Amino acid sequence: MTDNGFLRGRLLLVAFEGWNDAGEAATGALKLLKDELAVVPISEVDTEEYFDFQFNRPTVTVDDDGRRGLVWPEATLFGPDTAMDPLAGAEQGADADHVYLLIGTEPSRNWKKFTAEVISTALAEDITGIVLLGAMLADVPHTRPISVFATSENPLVRSELDIERSSYEGPVGILSVISEAAEAAGIPTVSIWASVPHYVHNAPSPKATLALIDKIEELIEITIDRGELVDESSAWESGIDALAGEDEDMAAYIQQLEQARDTVDSPEASGEAIAQEFEQYLRKRGGDGRPGSDGPGEPWRRD
């Protein structure tokens, strides 16, 4: 895929905490990448301009020396450290001096102005493509591979990367706003989303983060050290298995999700068979997209 025009230029990878970031999977992937790449802060947004602090509250932290400090919601653009020795960067294994990162909290106000600032900075940095990372809660089992799908509104990118156009209609987050503005400014975009099991919605999902890292590595063709992420992913899955082993309703519900997923993934599955299985699955759950009488009424929590 190295011959693709989209992948040859400067790429900006974007992820925001909040509505677009189930299981902290998207921001987790970019934070891992930030720690591995030789990137430095290029610009930060004005927090007073874009955040409602009653909605995105600052948090108090204590450092290793016992000092307390405030951490404010923010959004920071990172770029390659041009002052660093290129050979030192190569030793890190993430040969990506063309990769930029935008990581932060989804703004709570002034989205149009925020987006205009992002696009202006991207143009100033000669960004030629934007990859938007997200994660959503879905009716998927934690025991199966995390579903990751890539879409693009740009016909040339769809052809180059052999991906589809999104058919989604409904509420959107800041990622969709940035995507539309970028395309209008002549910067092609790709959106990559991971599906996170909704019944463990309040816990970080290293398995989903790992799936996004795999997809990034596949598309951009860089080498990313997973560190402890593989072990954390296995521990996450084992922890949910243990919870399900103590809860019959939860175990039965997960089994339904597994059956539905296996039917869709089956090589011999036809469109009609998948539709029938899905309809049967919905009837068992009450037909309204929420767990019915044979499943839990609320998502499980890992407190």
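*Asks:* Account for the overall build of the chain, naming residues and giving values.
*Replies:* Summing up its helical and strand segments, the chain has 11 helices and 9 strands in all. Relative to its 303 residues, the chain shows a buried fraction of 44%. The contacts in the chain between residues at least 6 apart in sequence include a share of 80% that link residues at least 24 apart.

*Asks:* Could you give an account of the sheet that holds strand 1 (residues 11-17), naming the residues involved and the relevant values?
*Replies:* Sheet architecture is open: 7 strands sit in the order 2-5-6-1-7-9-8, paired in mixed fashion. What marks the edges here is a single partner per strand, and that holds for strand 2 (39-44) and strand 8 (148-151). Neighbour-to-neighbour, the strand axes of the sheet open up by a mean angle of 25°, direction not taken into account. The pairing of strand 5 (residues 75-80) with strand 6 (residues 99-105) spans 4 bridges and is classified as antiparallel. The residue bridging Thr76 from the neighbouring strand is Ile103, located in strand 6.

*Asks:* Residue-level account of the packing of aromatic side chains, with values.
*Replies:* On inspection of all chains with the given rule, the structure shows 4 aromatic pairs. Between Phe16 and Phe114, the aromatic rings sit 5.8 Å apart at their centres with planes inclined by 65°, giving edge-to-face as the arrangement. Of the two residues, Phe16 is situated in strand 1 and Phe114 in helix 5 (residues 111-124); the sequence distance between them amounts to 98 residues. Like Phe114, Phe16 is buried. Ring centres 5.2 Å apart and planes at 80° place the aromatic pair Tyr50 and Phe114 in the edge-to-face group. One end of the pair, Tyr50, is in helix 3 (residues 47-50); the other, Phe114, is in helix 5, with 64 residues separating them in the sequence. Residue Tyr50 shares its accessibility class with Phe114, and that shared class is buried. Each residue in the set Phe16, Tyr50 and Phe114 is aromatic and connected to the rest through ring pairs, giving one cluster.

*Asks:* Hey, could you go over the nonpolar core for me, with residue numbers and the actual values?
*Replies:* Membership of the largest hydrophobic core comes to 40 residues, with the highest contact counts inside it found for Leu13, Leu101, Leu133 and Val190. Elements that contribute at least two residues to this core include exactly helix 1 (5-8), strand 1, helix 2 (25-36), strand 6, strand 7 (129-138), helix 6 (155-161), strand 9 (189-197) and helix 8 (206-220). Residues within four places of Leu101 in sequence aside, it is in contact with Leu12, Leu13, Leu30, Leu33, Lys34, Val39, Thr76, Leu77 and Phe78. Judged by nonpolar contacts, the second largest core, of 24 residues, contains Phe51, Ile130, Ala182 and Ile187.

*Asks:* Summarise a nonpolar patch on the surface; cite the residues concerned and give the values.
*Replies:* A contiguous nonpolar surface patch, about 350 Å² in accessible area, is contributed by Trp19, Tyr168 and Val172. Of note, Val172 is situated in the loop between helix 6 and helix 7 (174-184). Among the residues examined, Val172 registers a relative accessible area of 39% and is labelled partly exposed.

*Asks:* Give a description of the environment of Ala208 that names residues and reports values.
*Replies:* Topologically, Ala208 is positioned in helix 8. Those residues in contact with Ala208 that sit more than four places away from it in its chain are Ala25, Ile146, Ala194 and Val196.

*Asks:* How would you sum up the pairing of strand 9? Please name residues and give values.
*Replies:* Most of strand 9 is tucked away: 9 of the 9 residues are buried. In strand 9, alternate side chains face the same way, and those of Thr189, Ser191, Trp193, Ser195 and Pro197 on one face and Val190, Ile192, Ala194 and Val196 on the other are all buried. Across 4 bridges, the pairing between strand 8 and strand 9 is antiparallel. Directly across from Val148, in strand 9, lies its bridge partner Ala194.

*Asks:* How would you sum up the packing of helix 9 (residues 229-245) against helix 10 (residues 248-265)? Please name residues and give values.
*Replies:* Relative to each other, helix 9 and helix 10 sit at 120°, their axes nearing to 6 Å. With respect to helix 10, the axis of helix 9 lies oblique. Facing helix 9, whose interface residues are Ile240, Leu243 and Ala244, helix 10 presents Met250, Ala251 and Ile254. Tallied by class, the residues present in the contact of helix 9 with helix 10 amount to 6 nonpolar, no polar and no charged.

*Asks:* Talk me through the environment of Pro188; I want residue IDs and the actual numbers.
*Replies:* Within the fold, Pro188 resides in the loop between helix 7 and strand 9. Note: C-alpha distance between Pro188 and Gly129 (59 residues apart in sequence) is 5.1 Å.

*Asks:* Please set out the packing of helix 8 against helix 9 residue by residue, giving values where relevant.
*Replies:* Between helix 8 and helix 9, the least distance of the axes is 8 Å, while the angle of their chain directions is 140°. What the angle tells us is that helix 8 and helix 9 run oblique. Judged by the twist between their axes, the crossing of helix 8 over helix 9 is left-handed. Along the contact surface, helix 8 presents Pro206, Lys207, Thr209, Leu210 and Ile213, while helix 9 presents Leu229, Val230, Glu232, Ser233, Trp236 and Glu237. Looking at the contact of helix 8 with helix 9 residue by residue, the class counts come to 6 nonpolar, 2 polar and 3 charged.

The rules behind the values
- Residues numbered from 1 in each chain as written.
- Predicted model: local features only at pLDDT ≥ 70, side-chain atom pairs only at ≥ 80, totals over all residues.
- Heavy atoms only, no water.
- Helix = DSSP H or I, 4+ residues; strand = E, 2+ residues; numbered from the N terminus.
- Buried < 20%, exposed > 50% of the residue type's maximum accessible area, 1.4 Å probe, protein only.
- Contact = heavy atoms within 4.5 Å.
- Pairing = 2+ DSSP bridges.
- Axes fitted to C-alpha atoms, helices over the stretch in contact; angles between N-to-C directions.
- Phe/Tyr/Trp six-rings, centres within 6.5 Å; stacked < 30°, edge-to-face > 60°.
- Core = buried A, V, L, I, M, F, W, Y, C linked by side-chain atoms within 4.5 Å.
- Patch = residues over 30% accessible without salt bridge, like charges linked within 9 Å, V, L, I, M, F, W, Y side chains within 5 Å.
- Areas by Shrake-Rupley, 256 points an atom, 1.4 Å probe, with all protein chains shown as cover.
- Salt bridge = Lys/Arg side-chain N within 4 Å of Asp/Glu carboxyl O.
- Parallel < 35°, antiparallel > 145°, perpendicular 65-115°, else oblique.
- Nonpolar A, V, L, I, M, F, W, Y, C, P; charged D, E, K, R; others polar.
- Left-handed = near helix turned anticlockwise from the far one by under 90°.

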